[in-house]
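Summary of the model geometry
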Amino acid sequence: MIEAELQQLEDRVQRLMAAYRQSRLEEKRALQERDRLLALNAELRRRIEGIVERVRSLESEQES
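How each quantity is defined
- Residues numbered from 1 in each chain as written.
- Predicted model: local features only at pLDDT ≥ 70, side-chain atom pairs only at ≥ 80, totals over all residues.
- Heavy atoms only, no water.
- UniProt positions renumbered as here; feature names shortened; annotations may be inferred.
- Helix = DSSP H or I, 4+ residues; strand = E, 2+ residues; numbered from the N terminus.
- Salt bridge = Lys/Arg side-chain N within 4 Å of Asp/Glu carboxyl O.
- Buried < 20%, exposed > 50% of the residue type's maximum accessible area, 1.4 Å probe, protein only.
- Patch = residues over 30% accessible without salt bridge, like charges linked within 9 Å, V, L, I, M, F, W, Y side chains within 5 Å.
- Areas by Shrake-Rupley, 256 points an atom, 1.4 Å probe, with all protein chains shown as cover.

An unreviewed UniProt entry lists the chain under the name TIGR02449 family protein, with Solimonas terrae given as the organism.

Right, here's the structure in full:
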């Protein structure tokens with residue numbers, strides 16, 4: 001009786017540990033994806049700012 005209960009507890013602990021490891025892995029992947037998207041966003045922002053600056057430059061040349 002006690003052996004069976006101990007085995008059930010051990011099985012449950014193993015499942016919980018596996019779930020914990022999986023959640024940590026998913027968190028790590030999510031953070032990596034967030035960092036990748038933030039870097040991409042910054043690059044796109046720089047490119048857009050460059051385009052806006054060129055458009056403003058062209059507009060000011062046309063006004064002159």
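We are not done yet, so read on.
This brings us to the UniProt feature "coiled-coil region" (unreviewed entry) in the chain. Per the UniProt record, "coiled-coil region" (unreviewed entry) is found at residues 6-61. Helix makes up 100% of residues 6-61 and strand 0%, whereas the separation of the span's terminal C-alpha atoms amounts to 82 Å.

So, about the pattern of salt bridges. All told, the structure shown has five salt bridges when counted by the stated rule. Here Glu33 ties to Arg36 by a salt bridge, and the two come within 2.8 Å at their closest N and O atoms. Here Glu33 and its partner Arg36 are both found in helix α1 (residues 2-63), three residues apart, which amounts to about one turn of the helix. For Glu33, a relative accessible area of 35% puts it in the partly exposed group.

This brings us to the environment of Ile51. Structurally, Ile51 can be placed in helix α1. Assessed through its relative accessible area of 44%, Ile51 is described here as partly exposed. Linking Ile51 and Ala30, residues 21 residues apart in sequence, is a C-alpha distance of 31 Å.

Another aspect to go through is a nonpolar patch on the surface. Residues Leu37, Leu40, Leu44, Ile48 and Val52 make up a contiguous nonpolar surface patch of about 410 Å² in total accessible area. Position of Leu37 among the secondary structure elements: in helix α1.

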